[in-house]
Amino acid sequence: LDEPVPDFAAAAAKGAAAGSLAGVRVGLPKEYFTAGLDAGVEEQLKKAVEKLRAMGAEIVDVSLPHSKYAVTVYYILATAEASANLARFDGMRYGARVEAGDLNETYFKSRGAGFGNEVKRRILLGTYVLSSGYYDAYYRKAAQVRRLIRQDYLDALQQCILACFHFCQHLLETWTVKVGVGITV
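Owing to the predicted nature of the structure, the values given are computational and were not obtained by experimental measurement. (Residues numbered from 1 in each chain as written. Predicted model: local features only at pLDDT ≥ 70, side-chain atom pairs only at ≥ 80, totals over all residues. Heavy atoms only, no water.)

Student: Which residues make up helix α2 (residues 39-54), and what are the values?
Tutor: When the terminal C-alpha atoms of α2 are compared, their 22 Å separation across 16 residues agrees well with the 22 Å that a helix rising 1.5 Å per residue should span. A side-chain oxygen of the first residue of α2 lies 3.0 Å from the backbone nitrogen of Gly40; this N-cap is Asp38. Backbone geometry just downstream of α2 places Gly56 in the positive-phi region, at approximately 105 degrees. (Helix = DSSP H or I, 4+ residues; strand = E, 2+ residues; numbered from the N terminus. Expected span 1.5 Å × (residues − 1). Polar contact = N/O pair within 3.5 Å; in protein donor to acceptor, adjacent residues only side chain to side chain.)

Student: How would you sum up a nonpolar patch on the surface? Please name residues and give values.
Tutor: On the surface, Leu125, Tyr128, Tyr134 and Tyr138 cluster together to form a nonpolar patch covering roughly 350 Å² of accessible area. In this structure, Leu125 sits in helix α5 (residues 117-130). (Patch = residues over 30% accessible without salt bridge, like charges linked within 9 Å, V, L, I, M, F, W, Y side chains within 5 Å. Areas by Shrake-Rupley, 256 points an atom, 1.4 Å probe, with all protein chains shown as cover. Salt bridge = Lys/Arg side-chain N within 4 Å of Asp/Glu carboxyl O.)

Student: So, the pattern of salt bridges: which residues are in play, and what are the values?
Tutor: Under the definition given, this model contains 9 salt bridges. The closest approach of N and O atoms between Arg53 and Glu50, which form a salt bridge, is 2.9 Å. Of the two residues, Arg53 and Glu50 are both situated in helix α2; the distance of 3 residues between them amounts to about one turn of the helix. Judged by relative accessible area, which is 42%, Arg53 ranks as partly exposed. When its relative accessible area of 45% is taken as the criterion, Glu50 is described as partly exposed. In this structure, Glu105 and Lys109 form a salt bridge, with 3.2 Å as the shortest nitrogen-oxygen distance. Of this pair, Glu105 and Lys109 both sit in helix α4 (residues 103-113), 4 residues apart, which is roughly one turn of the helix. Exposure remark for Glu105: the relative accessible area of 35% places this residue in the partly exposed category. Take Lys109: its relative accessible area is 42%, and that puts it in the partly exposed class. Connected through salt bridges with shared partners, the residues Glu118, Arg121 and Arg122 form a single ionic network. (Buried < 20%, exposed > 50% of the residue type's maximum accessible area, 1.4 Å probe, protein only.)

Student: Outline the packing of helix α3 (residues 70-86) against helix α6 (residues 135-159), supporting the account with residue identities and numerical values.
Tutor: One way to put it is that α3 packs onto α6 with a least axis distance of 9 Å and a crossing angle of 130 degrees. Our classification of the angle between α3 and α6 gives oblique. Crossing of α3 over α6 shows left-handed handedness. Across the interface between the two elements, Ala70, Val73, Ile76, Leu77, Ala80 and Glu81 from α3 touch Tyr138, Tyr139, Ala142, Ala143, Val145, Arg146 and Ile149 from α6. Broken down by class, the residue content of the contact of α3 with α6 amounts to 11 nonpolar, no polar and 2 charged. (Axes fitted to C-alpha atoms, helices over the stretch in contact; angles between N-to-C directions. Parallel < 35°, antiparallel > 145°, perpendicular 65-115°, else oblique. Left-handed = near helix turned anticlockwise from the far one by under 90°. Contact = heavy atoms within 4.5 Å. Nonpolar A, V, L, I, M, F, W, Y, C, P; charged D, E, K, R; others polar.)

Student: An account of the side chain of Thr79 is needed here, citing residue identities and associated values.
Tutor: Mapping Thr79 onto the fold places it in helix α3. Apart from the residues lying within four places of it in its own chain, the contact partners of Thr79 are Tyr74, Arg122, Leu125, Gly126 and Val129.

Keep in mind these numbers describe shape, not what the thing actually does.
What follows is the structure, given as structure tokens:
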């Protein structure tokens, strides 16, 4: 579509500065308000929602049913991209080169020299995901779910101008565990 996109953020900021968000619809994903949500997060979110209501915003429930798969989809697609994009860094034309006795030894030593352990893990997982027997089972399926997640967000944004999304407890726990072992999302 070749249509101008309204500046929703500027309109909301202007309304907030004036103390009014009248006419602004804010969506809250119902899937994120489940048992297990951290009490502190829930309390702060409720305060924010009440503040929005007090400023005149209309709060609407929206649904993001596929968002629970977002972290899994991210890891499958990101590792596949890492594998495909970093394949050229073999130490011959691109990347760190480690000289050794012969060409094969130079290649094998160079291949691993320029990457840390996390990058190597992502390349290995991405290579596996993209391999001939697993492409359809992992990569293609993750790409299909990514489209479903995107459509969920587009549908939600049809119901409201702004959407208040926060990390559900599962995502927070996953992030905390990954950071705890030195992996960044």
